[in-house]
Structures are given as structure tokens and as C-alpha cells.
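# Working through the structure, step by step
Chain by chain, the residues run as shown.
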Amino acid sequence: MDIKKLMTLHPEIGRMADYEEVWWTNPDCGTPRKLDFGMDDIKDAEARLARFAPYIQAAFPETEVTGGIIESPLKEVPEMKKVLADMCGTFSGRLFLKCDSHLAVSGSIKARGGIYEVLKFAEKVAMEAGMLQLTDDYSKLTGPEYRELFSRYSVAVGSTGNLGLSIGIISAKLGFKVTVHMSADARQWKKDLLRSKGVTVVEYPDDYQKAVAEGRKEAEGDPYCHFVDDEASVDLFMGYSVAARRIGSQFEAAGIVVDENHPLFVYIPCGVGGAPGGVAFGLKEVYGDHVYILFAEPTHAPCMTLSMITGLKNEIAVSDIGLDGKTDADGLAVGRSSVLVSDVMKTLLSGCYTIQDEKLYPFLASLADSENIFIEPSSCASFTGPALVEADTAWRESRGLTAEKMANATHILWATGGSMVPEEEMKHYYEKGK
Ligand SMILES: *Cc1c(COP(=O)(O)O)cnc(C)c1O
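No experiment lies behind these values; they were computed from the predicted model shown.

## Describing unusual backbone geometry
What you tend to see is this: most non-glycine residues have negative phi, and most peptide bonds are trans. One non-glycine residue, Val105, adopts positive backbone phi at about 75°. Checked against the element boundaries, Val105 lands in the loop between β3 (94-99) and α5 (110-128). Backbone geometry places Asn372, a non-glycine residue, at a positive phi of 55°. Tracing the chain through its elements places Asn372 in the loop between α15 (357-371) and α16 (385-391).

This is how it looks when you write it as C-alpha cells:
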């Protein structure tokens, strides 16, 4: 790979190699293109989650209030908007936080895709065994005969932490044998929590990609093992995309309109790409050209930004431009983006931007002080987004985003994790931010 040539072609890459923050807008966004999946696949996933709602409600009593549907609130954060204006620059429109940081069961955005993929596998196993039909009340899956059935199968995943939590918790609850292959940078409390639930945790001294590769290798050749492939899974992707079908009623309740004259901007922290990609794909299916999706990454591990700028998908890694891939942002310490997602996002993503680790903590503390909402550092990676959009007048004008339209804009910072972080750890983050 001729890195010098890439840097000449794309000046952003030179700055990225120096760990500088970058902002990049995608010239291919909006180009018509046929994808391999669409709204029917999202509806299929949504219907499956609805079938499982009675099971989720029975297995996780905390979900009783939502009838077994794992969904998060959309909160307007006007005080944080003022804080961000001071910290990063002003922007017009309303500011919201989508609180996937507080999703039930596993406390991160992984409670969408991760749980969905394991449920889909469980449904397949139970149906093939002749023990489940589409029309059944799925709460029967809590019964001992199902746990016995599932115990003959295993689930494996490689993870930096949060995906492991979601896969581990739901798999163990259903009765599957489950192994989570974790990278060295995964937090100790996540490993401890999983082990306390009977999950086998295997630790690797190397990075996340190595953990995934080991997990994949171990699962290969075992017909009774389902491997959740964070780098290429369509099931994970579809599980995330369902968010877009549910947010409409929250928009109505908040008086949010999304149309030609009322643009929607969604800012999501990105690791390998599955979670933000799935959510983004769903939102583009539902809201089309009126939604603008922006991915945020740490300056030390901007794998998706690199992949999108070069068009090289998973053929380029952050180490190729000399970056160390080390970041405090759990879940974002990924060196190489998902091949599936970097392909799908080619015409759907409006842009990418990166942020220095040092900024995550002040954002975390400011959100706590202004709105009394506590989220994990990686969840704060997106917070510079609205000011960056506002500042790029040339890009906005090229997309027809006039000042009048921006005055009607809705900005959503998609908070991706936080509610499972132990109090002591959160206090430490907060103090660091102060
Ligand atoms: C996993 C995760 C992300 C990013 O999701 P990817 O699928 O890896 O891109 C962002 N924030 C948090 C807190 C996460 O756990």
C-alpha cells in the first residue's frame, strides 16, 4: 500500500497520522445505489423482537415497564446545548440525546444488535427441534426443557467489552454455553460481571481484532457453536437498524418534524461500525435524504474515517498510517473497520470526524452537571459534531442546508453506553473531567 500517495490524494490522512482531529464530508453521499437488504429485513427483525418481548419481559423483569421491548428514551438536552456552544461553538436547532447508554439488560447500544442475534439463533434452534412455533407465547422459553435444549449449543464472540456483555448476558440467560473472547483493553469490571453470570471469559494480550479471530477459529468446525461476528454479521446489523422504526413515535411526542425543511442530524460514535452502521442504515431507510448521519471516532483509532476516505473498506488499518490504536474510549479501540458496514455506508454516510481522548472527560462531566445524565467516555466522542456541521458552510450550502433550514434542525447525539459502569469508575471519569 502506497501510504505517501494516499496522503497526497487525501490531505486528511496526513493529519490523522499526526493524531490530529479531522472533519471529512463524503462526496458519494446520496448517490443512488441498490443494497442487498432493505425495509423488509428491518421489519422482519422488528417482528422477531416483538415475538420475543414476552420472553424478555419474563426473563428480565426490569423490562416490564416497556412490555419486554428494549428501547431507550430520547431526551432533549437544552442545558447541554448551551454548554456545547461555549465549548465548541454555537449551532442552531434543537439538541437531543438518544439514551442507548441506558438500554435495559446490558446498558449499551449492543443491547440492540447483540441480543437480537442471539434471540434469532435461539428461535432457529427451538424451531428446528420442533419445540417452538411463530404463534407461540415465547415466554415459554424460560422453561427448563428449553434451557436443557440450549445447553447443548454454544455461543462465542470476540469483543472489546460491551458486545461481550450483551451476548454473554442474553446467552447465559437462555441457557447456552457462552464464551467471550476479550481483548487486553477490556475493563476488569466487565470481565468480572460476565464471569459472575457463568460466562467463560478468555483474555488475549493483543487487540480486539485478535480476540475476534481467535473466537472465530474456535467456533469453526463446531456445528453446535454460533459465532457472533462483529466484523461481518448481518444479524447484528439488522438488530441495530430496528431503532429507526421505533424513534418515530418519540419524534411525535417531542414535536420533531423531519422533512425537506426540517433536517435531522445524527451523530454516532463508531468502532468497527456495526452498531452505528445498523442504526444509520435504518434511519436512512425511514427518513431518506432528510437525515444526515455522521460517525465520530477517537484520533488514535479512526478506522472507519480512514476506510471511507480511501474507499479501501477493511483493506486498510490505522496501523498502516502509523497510529497505535490505543484509546480510553471503550468499544472504539478498533484498528480495522467492518467490511460489511464500510461498504453499506459508502453512499449513506454524510461524513466522519475524530476527537482527542482528553476531550471525552470534560464532555462527560459537563453532561452530568448540566443534565444529570451519566454516560461512558466513548459515548461522548460525538459531542463536537453539531458545531462542526455549523462551521462547514461550504458543505452545508452544497447540500442545500440553508440557515432557515438549520434553524429547524434536530441534532441527536447517540449515547452508546454507560449505565452499567460501576459507580466508583464513573466517579473517577467525572473527576477526571472536572
Ligand atoms: C460498541 C460501541 C460503539 C461502537 O459500535 P461498533 O459496532 O463497534 O462500531 C460505540 N460506543 C460504545 C459505548 C460501544 O460499546
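Further notes follow.
## A look at the environment of Asp343
Looking at the element boundaries, Asp343 is found in helix α14 (residues 339-344). A relative accessible area of 24% places Asp343 in the partly exposed class. Asp343 sits 179 residues away from Gly164 along the chain, and the two C-alpha atoms are 25 Å apart. Apart from the residues lying within four places of it in its own chain, the contact partners of Asp343 are Arg33 and Lys313.

## What about the site of the ligand?
If you check the shell around the ligand, you find 16 residues, and the closest are Lys110, Asn162, Gly271, Gly273 and Thr416. Within the side chain of Lys110, a nitrogen or oxygen atom sits 2.7 Å from an oxygen atom of the ligand. Taking Ala275, its main chain carries an N or O atom lying 2.8 Å from an oxygen atom of the ligand. Its free accessible area being 380 Å², the ligand has 98% of it covered by the protein chains. At 3 residues, helix α12 (residues 274-287) tops the list of elements feeding residues into the shell around the ligand. Residues belonging to the shell around the ligand are distributed by class as follows: 6 nonpolar, 8 polar and 2 charged.

## Let's talk about the sheet that holds strand β11 (residues 410-415)
One open sheet holds the 7 strands; their spatial order is β1-β10-β9-β8-β11-β3-β2, and the pairing between them is mixed. Each edge of the open sheet is held by one strand with a lone partner, namely β1 (23-25) and β2 (74-76). For this sheet, the mean inter-axis angle between neighbouring strands, taken without regard to orientation, is 20°. Sheet topology note: the β2/β3 ladder contains 3 bridges and is antiparallel.

## A closer look at the packing of helix α4 (residues 78-88) against α15
Packing of α4 against α15 brings their axes to within 8 Å, and their N-to-C directions diverge by 145°. Seen from above, α4 lies across α15 with right-handed handedness. Of α15, the residues touching α4 (which contributes Pro78, Glu79, Met80, Val83, Leu84, Met87 and Cys88) are Pro362, Phe363, Ser366, Leu367, Ser370 and Glu371. Within the contact of α4 with α15, the residues separate by chemical class into 9 nonpolar, 2 polar and 2 charged.

## A short note on the domain arrangement of the chain
By the assigned domains, the chain splits into domain 1 (3-37 + 65-106 + 235-433) and domain 2 (110-232). Between the C-alpha centres of domain 1 and domain 2 the distance comes to 27 Å. At the junction of the two partners, domain 1 supplies 34 residues and domain 2 supplies 27 residues. At the boundary of domain 1 with domain 2, total buried surface from both sides reaches about 2500 Å², with 57% on carbon and sulfur atoms. It is Ser106, Asp235 and Leu236 that lose the most area in domain 1 upon contact with domain 2, and together they represent 24% of the buried surface on that side. Between the two partners, domain 1 and domain 2, sit 6 salt bridges.

What counts, and where the lines are drawn
- Each residue is numbered by its place in its chain's sequence as written, counting from 1.
- Owing to the predicted nature of the model, reporting of local features is limited to residues with pLDDT of at least 70; listing and counting of side-chain atom pairs is limited to 80 or more, with chain, interface and lining totals taken over all residues.
- The basis for every side-chain value is the complete set of non-hydrogen atoms in the structure, without hydrogens or water.
- What counts as a helix is a DSSP run of H or I of at least four residues, what counts as a strand is a run of E of at least two, and both are numbered from the N terminus.
- Note on exposure labels: buried denotes an accessible area under 20% of the residue type's maximum, exposed denotes more than 50%, and partly exposed covers the range between, all computed with a 1.4 Å probe on protein chains only.
- Throughout, a residue-residue contact means that at least one pair of heavy atoms, one from each residue, lies within 4.5 Å.
- Consider each residue's heavy atoms; a residue with any of them within 4 Å of a molecule or strand counts as near.
- Polar contacts, as used here, are pairs of N or O atoms within 3.5 Å; protein pairs need one atom able to donate a hydrogen and one able to accept it. Residues neighboring in sequence count only if both atoms are side-chain atoms.
- Note that accessible areas follow from Shrake-Rupley with a 1.4 Å probe, and for residues the cover is restricted to the protein chains shown.
- Polar here means any residue outside two lists: the nonpolar Ala, Val, Leu, Ile, Met, Phe, Trp, Tyr, Cys and Pro, and the charged Asp, Glu, Lys and Arg; Gly therefore counts as polar.
- At least two DSSP bridges between two strands are required for those strands to pair.
- Between N-to-C directions, angles cover 0 to 180 degrees, with each direction set by a line fitted to C-alpha atoms, over the stretch in contact for helices.
- Each crossing gets its hand from how the near helix is turned against the far one by less than a right angle, where anticlockwise is left-handed and clockwise is right-handed.
- Boundary definitions for the domains trace back to an automatic or database domain assignment.
- The term buried area means the drop in 1.4 Å probe accessible area that two parts suffer when joined, counted for both and summed.
- Each reported salt bridge corresponds to a side-chain nitrogen of Lys or Arg within 4 Å of a carboxyl oxygen of Asp or Glu.

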